[in-house]
Amino acid sequence: MELKNSKTSPLRALLTECLPYELPLEVSSKWLYDWIDARSSRVDSKGIHFRPRDTSDLLVLALLSSKNSTDLTTLLPTHASKNSSPRVVVDSPLLFKVPDWRAPASFIVRRDRLRTRELDILALSSQVSIAYLYYTRKDALLYYANADSSSLRHPLKVNSYGKNLNSQFIVPRTDPIISVETAGRTLGTYNSYFVYADHAFVGQFYDSSKWQALEAHWRFMRRLDVTNCFRSIYTHSFAWSTGTDSLSKLHLRKSRSYNDYLDLGRTFDKVMQSCNWGETHGICIGPEASRVFAEIIFQSLDQKIKSRLREYGLKQSSFEILRYVDDYFLFASDMSDIDTVSHAVSEVLTEHRFAINETKTRDYVTPFTTEISARKARLKLFLKSSLPFEGSLPDYDSRDIGIELKSLLIGSENDAATIGTSLSHIERRLRKFIGKRTVRIESYDEALELQNYSWDFAHSMLNQYLSHPSVSSAMKIVRILRIFSFFSSYCSRLTEREQNLLKIRANENLRFSIQKSIHRLSESANSEIELCHFLSLATASSVKYSSSSRSAASLITKLESTSISRNNAKSNQAPLLLHLSAMKFFLQLDGSDEETRTRIINRSIQIAESILSDSYIPYNVIKSHASQELYILAIATCPFLDVEERLRILNQPWLRQLISDWFLPGAKPAAVTRFLRRLLIDAVTEGTAIQPYSWTGDDFDSSLYEKEAQFIY
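Treat the numbers as computed from the prediction; the structure is a model and nothing was measured.

Quick notes on the rules
- Residues numbered from 1 in each chain as written.
- Predicted model: local features only at pLDDT ≥ 70, side-chain atom pairs only at ≥ 80, totals over all residues.
- Heavy atoms only, no water.
- Helix = DSSP H or I, 4+ residues; strand = E, 2+ residues; numbered from the N terminus.
- Buried < 20%, exposed > 50% of the residue type's maximum accessible area, 1.4 Å probe, protein only.
- Contact = heavy atoms within 4.5 Å.
- Areas by Shrake-Rupley, 256 points an atom, 1.4 Å probe, with all protein chains shown as cover.
- Phe/Tyr/Trp six-rings, centres within 6.5 Å; stacked < 30°, edge-to-face > 60°.
- Lys NZ or Arg CZ within 6 Å of the ring centre and 35° of its normal.
- pLDDT = per-residue confidence, 0-100.
- Disulfide = S-S within 2.5 Å.
- Pairing = 2+ DSSP bridges.
- Salt bridge = Lys/Arg side-chain N within 4 Å of Asp/Glu carboxyl O.
- Axes fitted to C-alpha atoms, helices over the stretch in contact; angles between N-to-C directions.
- Parallel < 35°, antiparallel > 145°, perpendicular 65-115°, else oblique.
- Left-handed = near helix turned anticlockwise from the far one by under 90°.
- Nonpolar A, V, L, I, M, F, W, Y, C, P; charged D, E, K, R; others polar.
- Core = buried A, V, L, I, M, F, W, Y, C linked by side-chain atoms within 4.5 Å.
- 1 Å grid on protein atoms, 1.4 Å probe; cavity = no way out; pocket = protein on both sides within 12 Å on 5 of 7 lines; lining within 4 Å.
- Points joined across faces, edges and corners; volume = space filled by probe spheres on them.

Caption draft 1: Structural view of the overall build of the chain. Broken down by element type, the chain carries 29 helices and 11 strands. Each of the 713 residues in the chain was classed as buried or not, and the buried ones make up 59%. For the chain, contacts bridging at least 24 residues in sequence account for 77% of all contacts bridging at least 6. Only carbon and sulfur atoms are counted for the fraction: they give 48% of the accessible area of the chain, which is about 28500 Å².

This is the structure in C-alpha cells:
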C-alpha cells in the first residue's frame, strides 16, 4: 500500500499488524491511520495529540479514549473550527500501560468444506495501543524475536516505509511473487511492519533450497502441530519469555516507582489482555501482532527444548529442529533420535500449557517431498505447456482443460491445501499469459480466441473452488475474474468497437460466475466472508442483479435467516459483515426496488437492536465491542441512507449512553437525539476522514492488490 513519511508514520503498524487479512476488502485498516494523520498534530512519547473538527471526530475520540483521563466536553463549543479547535491528548500510559478492556469481534471463515477458523477484529483503541507499542518498543521486539535460530518466520528488522503503490517490484527474476517482505525479497509496497527472516509462508519453505538440503542431509522427519495454539497462550508467559517468572510478579508489590515503568513483557501482556475482554488465557487470532506475540514466546520455548535435549545427552549434530509459527519440523538420521526430540518438545510445551495435536503428527522418510509437492510440480509443467507466452495456442478445449486440472488438483491427502496452492500457480501463470499475449494482438478474431481459451482456465478454477471452498481460494478467484473485466483494455491495438465487443463477452462471463458463486455460497454455512468478496467484485465491476433474481433472492434469504444474539457478544459476527456488503450491493443500485430497501433497513435496525442494546456487553467493565464500533461508524457514514434512516438505525441504548456519558451528562433523551442527528450530518459531510467501511468501489483494485501479498500459498 502507499505509505509516505508523515507525522503519523510512527503508528504505521495500524496498516499491517492489527487486523486479519481475511477481512472483506471494504473493512480496511487504512482509514484509522488516515484519520489520525488528518486529525492529529503529532505523535510523541506523551501520546497522540488530536485536533477534532466536528462531532463525528469526537465520537471516534470517545471510542479511542479512556473516560477517566480525557474530557471531551470542553471541545464541544469549538469543534467545528478547523484552525482554532483545542487539542486533546490520548495519553501514552493509557495506550498500553493501563488500557481499558475492549471486546474483539470474532468471525468465522472456512478453511475447507469441513473445517473453519475463528478470527478476531480488534477494537479501535486496541489497534492504536498495538501500533503505539510497536513505535516505542520495536527494538526490544526485534531482540526477543531473534533469540533462537529454529524459527522459519520471525521479524528480522523494521521495514522501510518510503514506498508507494506505483513502485516497481525489486524481486529476483526467478521468484516474481508478491509477498510479505523477507530478507531475500524486497518489495515496492508496504505490506508488513517488519522484514521477516527466511520464509513469509510455509509454502515458500517447501519450495526452497533449504528444504532440498534437509532432504539430502537427514533420513527422517516428523511434523508436529500445536493444538489450538493462540487460544492456549497464557498472556503472562510473554513476561516470562522476556524476563523471569519472579520478575513478572514484581508488579504485585506496592512500589509506585516500579509500576510507573513497564518493561516490554508486562506492556505487551497488558495490551493483549485489553484486546481480548481482559482475559489472560488466550489471545486474539488473525492480527499479525498476535503472531509476533506468539513468536517471542515460542522463541523462548525453542531455547528450553534444546536445553532439555542437552540434559538428555543428545548431541546437537544428531538432530535439527525448525518451527513455522506453531508447526514443528524435527529431523534426524535415526528414528530413536526423532522420538527423543519429539518427547522433549512435547514435555516443554506441556509445562507451558500447550499440547501436541496427535492426529496431525506425521512421519516422513527421505524424500520428504509430499504428494502435494509432487502434484504442484506436475501442475507447473502442464501450465507451462498449456499457457505458452509465444506461438500458437495449444489444442486444448474446455473439457480437456477441466479434466487435466482436476486430475492434478484433486486426490491428495489434503484437498484444501492442494487446491489453495494450485489455484495460486494457475492464477499467476494465467495472468502473465494474458498480459504477454494481449499486447501483441492485432485482430479481433485473435483476441476472441485468446479470451475464450483463457476463460476456460478461469472457469475451471471457479469450479474447483466451489467444490473445495475456502476464504483464501475465494480471493484468488476474485482476482482472476477481475483480470477478465479488464481484458479488452489490454488489447490496445484493437478499435474501440472491437474492444467493446470483447468487454460485452467478458461481462457476460463475469456476471455468470458471480451469480453462480453467490447462489452456491448463499446455501452454504460459514460462507459469509466469501460472499463479501464476490459482492465486492460485483459492485466494483458494475455487475447488477434484480432483487427478484435467484441469486439475489437466495442472498436476502441468507441475510434474514442469520441472527446476531444480543445475549452472546462472543458469537460469530460474520453475518454483520455480510449485511454491510449486501447493503452496499443493493442500495447503490439505481434501480433498487423499495421492498428490498425496506427489508435491508429493517434488518439493519434488528442488528442495531442486538449489538447496541444495553445488555450486549457489561458497559462499565468492557468499554466497547469491535462490532459496535464498526457498525456505528459504517452506518453513520453510509451515503445510501438519509439522516433520518441512519438515525432510526443507530438511536439505540448503548450509543445514547455513550453520548450522554461523554458529552451530555444528565441530559434529557431529546438532547441526546439532537446531538446524534448532528453527528450523523457531520459524518457524511465533504472532507470527513472517517471511512471505516468503503461504500464505493473506488478503492477495490488497490485493496485487492494490497491483499495479494497475504494470499500466495
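Caption draft 2: Molecular detail of the packing of aromatic side chains. Counted according to the given criterion, the structure contains 27 aromatic pairs. Their ring planes at 85° and their centres at 5.0 Å tell us that tyrosine 134 and tyrosine 193 sit as a pair that is edge-to-face. With tyrosine 134 in helix α4 (residues 124-144) and tyrosine 193 in the loop between β6 (155-158) and β7 (194-196), the pair connects residues that are 59 residues apart, well separated along the chain. Taking relative accessible area as the criterion, tyrosine 134 reaches 0% and is therefore assigned buried. We classify tyrosine 193 as buried; its relative accessible area is 1%. Aromatic ring contacts, followed pair by pair, group Phe205, Tyr206, Trp211 and Phe329 into a single cluster. Taking NZ or CZ as reference, arginine 353 lies 4.1 Å from the ring centre of tyrosine 234, over its face.

Caption draft 3: The confidence of the model for the chain, seen in detail. Confidence in the prediction of the chain, expressed as mean pLDDT, is 85, and 85% of residues score 70 or more. Segment residues 164-179: pLDDT under 50, and 41 contacts once partners within four positions in sequence are set aside and those in other chains are kept.

Caption draft 4: The arrangement of the state of the cysteines in detail. Scanning the model with the defined rule gives zero disulfides in all. With no disulfide of its own, cysteine 18 lies closest to cysteine 275 among cysteine sulfurs, the gap being 8.2 Å.

Caption draft 5: Structural view of the pairing of strand β5 (residues 116-121). Summarising the sheet, strand β4 (residues 105-110) and β5 pair through six bridges and their orientation is antiparallel. What sits directly across from phenylalanine 107, in β5, is leucine 119. If you look at the hairpin formed by β4 and β5, you'll find five residues sitting between the two strands.

Caption draft 6: Spotlight on the pattern of salt bridges. Counted by the stated rule, this structure contains 28 salt bridges. For the salt bridge of arginine 231 with aspartate 120, the shortest nitrogen-to-oxygen distance reads 3.1 Å. Of this pair, arginine 231 sits in helix α7 (residues 229-232) while aspartate 120 sits in strand β5; the two residues are 111 residues apart in sequence, bridging distant segments of the chain. A relative accessible area of 1% places aspartate 120 in the buried class. For arginine 678, the salt bridge identified is with aspartate 682, shortest N-O distance 2.8 Å. A residue pair is termed a helical-turn pair when its members lie 3 or 4 positions apart in one helix, as arginine 678 and aspartate 682 do in helix α28 (residues 669-683) at four residues. With a relative accessible area of 8%, aspartate 682 lands in the buried category. What emerges from the salt-bridge pattern is a single network uniting Arg308, Glu311, Glu347 and Glu351.

Caption draft 7: Structural detail: unusual backbone geometry. Here the bond from threonine 366 into proline 367 is cis, since omega is 0°, no more than 30 degrees from zero. Its place among the elements puts proline 367 in the loop between β11 (362-365) and α14 (371-386). Even without a glycine there, the phi angle at asparagine 228 is positive, about 45°. Along the chain, asparagine 228 turns up in the loop between β8 (220-225) and α7.

Caption draft 8: Layout of the sheet that holds β8. Pairing is antiparallel in the open sheet, where four strands are placed in the order β9-β10-β8-β11. Looking at the sheet topology across the chains shown, the edges are occupied by β9 (319-324) and β11. Along the sheet, successive strands turn relative to each other by an average axial angle of 20°, direction set aside. Across four bridges, β8 lies against β11 in antiparallel orientation. Looking across to β11, one finds that arginine 222 is bridged to aspartate 363. Helix-sheet contacts for helix α6 (residues 209-217) involve β8, β9 and β10 (327-332), and the interaxial angle to β9 is about 150°.

Caption draft 9: Structural detail: the packing of α4 against helix α11 (residues 264-275). Remark: α4 packs on α11, axes separated minimally by 10 Å, with the N-to-C direction vectors making an angle of 150°. Judged on the interaxial angle alone, α11 and α4 are roughly antiparallel. Where α4 crosses over α11, the handedness of that crossing is left-handed. Contacts between α4 and α11 involve Ser126, Ser129, Ile130, Leu133, Arg137, Ala140, Leu141 and Tyr144 from the former and Leu264, Thr267, Phe268, Val271, Ser274 and Cys275 from the latter. Class assignment of the residues belonging to the contact of α4 with α11 gives a composition of nine nonpolar, four polar and one charged.

Caption draft 10: Geometry of the environment of lysine 270. Here lysine 270 shows up in helix α11. Among the residues examined, lysine 270 registers a relative accessible area of 29% and is labelled partly exposed. Spatially, the C-alpha atoms of lysine 270 and tryptophan 101 are 9.6 Å apart, while their sequence positions differ by 169 residues.

Caption draft 11: Seen up close, the nonpolar core. Core analysis: the largest hydrophobic core is formed by 215 residues, its most contacted members being Trp35, Tyr134, Tyr328 and Leu580. By residue number, the principal contributor to this core is helix α17 (residues 444-467), which donates 12 residues. If we ignore the near neighbours within four places in the chain, the residues touching tyrosine 328 are Arg222, Arg223, Leu224, Val226, Phe298, Asp302, Ile305, Ile321, Leu322, Arg323, Val345 and Leu349.

Caption draft 12: Examining empty space enclosed by the protein more closely. Counted under the stated rule, the structure contains five cavities of 30 Å³ or more. In this structure, the largest cavity spans a volume of roughly 140 Å³. Lining the largest cavity are 15 residues, and of these Trp31, Ile121, Leu124, Gln127 and Leu630 sit closest to its centre. Tallying contributions element by element places helix α25 (residues 626-636) first for the lining of the largest cavity, with four residues.

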